[in-house]
Amino acid sequence: MMFVLIYPPCFAAMAVFKREAGGWGWLTFFVVYSTALAWVAAFIVYNGGRLLGFH
């Protein structure tokens, strides 16, 4: 659930972001950064829950 809350939005929103940001470079950065951030956040929440005894 944490991953889905953070990862990149739909393709239409990414197309608007590309147009507003001015190119593929910023869109690529945005997609890679938000996917990595979502993965790290989900990893922390999942493993934090396991350390607290939730299964």
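The coordinates are above.
Cut-off values and rules
Residues numbered from 1 in each chain as written. Predicted model: local features only at pLDDT ≥ 70, side-chain atom pairs only at ≥ 80, totals over all residues. Heavy atoms only, no water. Helix = DSSP H or I, 4+ residues; strand = E, 2+ residues; numbered from the N terminus. Rg over C-alpha atoms; globule rule 2.2 N^0.38 Å. Areas by Shrake-Rupley, 256 points an atom, 1.4 Å probe, with all protein chains shown as cover. Patch = residues over 30% accessible without salt bridge, like charges linked within 9 Å, V, L, I, M, F, W, Y side chains within 5 Å. Salt bridge = Lys/Arg side-chain N within 4 Å of Asp/Glu carboxyl O. Buried < 20%, exposed > 50% of the residue type's maximum accessible area, 1.4 Å probe, protein only.

A. Just the overall build of the chain, in detail. When you go through the chain residue by residue, the secondary structure sums to 3 helices and 0 strands. Each helix (α) and strand (β) of the chain, taken in turn from the N terminus, gives the series α-α-α. Since a compact globule built from 55 residues should have a radius of gyration of about 10 Å, the 15 Å found for the chain marks it as more spread out than a globular shape. With the C-alpha coordinates of the chain rotated into their principal frame, the extents come out at 45 × 15 × 10 Å. Accessible surface, the chain as shown: approximately 4,600 Å² in total, 76% of it carbon and sulfur.

B. Here's a closer look at a nonpolar patch on the surface. Taken together, the side chains of Phe3, Val4, Tyr7, Trp39, Val40, Phe43 and Ile44 make up a nonpolar region of the molecular surface, amounting to roughly 700 Å² of accessible area. Listed by contribution, the elements that provide at least two residues to the nonpolar patch are helix H1 (2-6) and helix H3 (24-51). Among the elements that take part in the nonpolar patch, H3 stands out by supplying 4 residues, more than any other. Inspection of the secondary structure assignment puts Phe3 in helix H1. The exposure class of Phe3 is partly exposed, given its relative accessible area of 31%.

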